[in-house]
Amino acid sequence: MAEAVLRVARRQLSQRGGSGAPILLRQMFEPVSCTFTYLLGDRESREAVLIDPVLETAPRDAQLIKELGLRLLYAGFTVSTVEEERTLNPRLTLSCEEFVKIMGNLNLPKPQQIDFAVPANMRCGVQTPTA
């Protein structure tokens, strides 16, 4: 869903061009989890949404929203792309054994936040603050 929203936004931005475009789009990177958050805002109504926000960068995102004079409609609600991944990612159509073998051969380092992300995903994204 996020990709569809961004495609429409980019199309409208390219059609209108420049700072007079009706849609404001900002892409922000979070290096620890290697994820992107997108701020999508309407220049006329000043309403905005965050797509795929990251808990650790909430203060940064809130500051940007304030600086741009936007009003956040919602935050923290993300749309799962699991079905899209299962459809488009050929590795996810393999057997468990084949998948483990392929991933093991990639020689990737252990993701820094995997021990935090997997339990949160198992609770439908609900994160438990650490003490």
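Just above, that's the structure.
About the thresholds
Residues numbered from 1 in each chain as written. Predicted model: local features only at pLDDT ≥ 70, side-chain atom pairs only at ≥ 80, totals over all residues. Heavy atoms only, no water. Helix = DSSP H or I, 4+ residues; strand = E, 2+ residues; numbered from the N terminus. Buried < 20%, exposed > 50% of the residue type's maximum accessible area, 1.4 Å probe, protein only. Contact = heavy atoms within 4.5 Å. Core = buried A, V, L, I, M, F, W, Y, C linked by side-chain atoms within 4.5 Å. Arc of directions from axis to C-beta. Phe/Tyr/Trp six-rings, centres within 6.5 Å; stacked < 30°, edge-to-face > 60°. Pairing = 2+ DSSP bridges.

## Comments concerning the overall build of the protein
Line of reasoning, step 1. A tally of helices and strands in the protein yields five helices and four strands.
Line of reasoning, step 2. Traced from its N-terminal end to its C-terminal end, the protein shows the element sequence α-β-β-β-α-β-α-α-α.
Line of reasoning, step 3. In the protein, which comprises 131 residues, the proportion classed as buried is 20%.
Line of reasoning, step 4. Nonlocal contacts in the protein, meaning residues at least 24 apart in sequence, comprise 33% of its contacts between residues at least 6 apart.

## What about the nonpolar core?
Line of reasoning, step 1. The biggest cluster of nonpolar side chains holds eight residues, and these are Leu24, Met28, Leu39, Ala48, Leu50, Leu64, Ile65 and Leu70.
Line of reasoning, step 2. For this core, the secondary-structure elements that each account for two or more residues are strand 1 (23–30), strand 3 (47–51) and helix 2 (58–67).

## Describing helix 2
Line of reasoning, step 1. Within the span of helix 2, buried status applies to Asp61, Leu64 and Ile65. Each buried residue of helix 2 sits inside an arc of 100° when the element is viewed along its axis, so together they form one side. Exposed residues on helix 2 whose side chains face more than 90 degrees from its buried face are Pro59, Lys66 and Glu67.
Line of reasoning, step 2. Contacts from the buried residues of helix 2 go to strand 1, strand 2 (35–42), strand 3 and strand 4 (71–72).

## Focus: the packing of aromatic side chains
Line of reasoning, step 1. Counted under the stated rule, the structure contains two aromatic pairs.
Line of reasoning, step 2. Relative to Phe36, the ring of Phe29 lies with its centre 5.0 Å away and its plane at 50°, an arrangement referred to as tilted.
Line of reasoning, step 3. Relative accessible area serves as the criterion here: at 34%, Phe36 is assigned to the partly exposed category.
Line of reasoning, step 4. Ring centres 6.4 Å apart and planes at 25° place the aromatic pair Phe36 and Tyr38 in the stacked group.
Line of reasoning, step 5. Linked through ring pairs, Phe29, Phe36 and Tyr38 together constitute an aromatic cluster.

## Topic: the pairing of strand 1
Line of reasoning, step 1. In the sheet, strand 1 pairs with strand 2 via eight bridges, with the strands oriented antiparallel. Looking across to strand 2, one finds that Met28 is bridged to Thr37.
Line of reasoning, step 2. The turn linking strand 1 back onto strand 2 is made up of four residues, and Cys34 within it adopts a positive phi angle of 55°.

## Regarding the pairing of strand 2
Moving residue by residue along a regular strand, the side chains alternate between the two faces of the sheet.
Line of reasoning, step 1. As defined by bridge partners, strand 2 adjoins strand 3 across four bridges and the pair is classed as antiparallel. For Gly41, the partnering residue across the bridge sits in strand 3 and is Ala48.
Line of reasoning, step 2. From the end of strand 2 to the start of strand 3, which pair antiparallel, there are four residues, and Arg46 there has a positive phi angle of about 70°.

## Here we look at unusual backbone geometry
Line of reasoning, step 1. Non-glycine residue Cys34 carries a positive phi angle of around 55°.
Line of reasoning, step 2. Positionally, Cys34 belongs in the loop between strand 1 and strand 2.
Line of reasoning, step 3. Residue Cys34 is classed as exposed on the basis of its relative accessible area of 54%.
Line of reasoning, step 4. With a phi close to 70°, Arg46 is a non-glycine residue in the positive phi region.
Line of reasoning, step 5. Within the fold, Arg46 resides in the loop between strand 2 and strand 3.
Line of reasoning, step 6. You can call Arg46 partly exposed: its relative accessible area is 31%.

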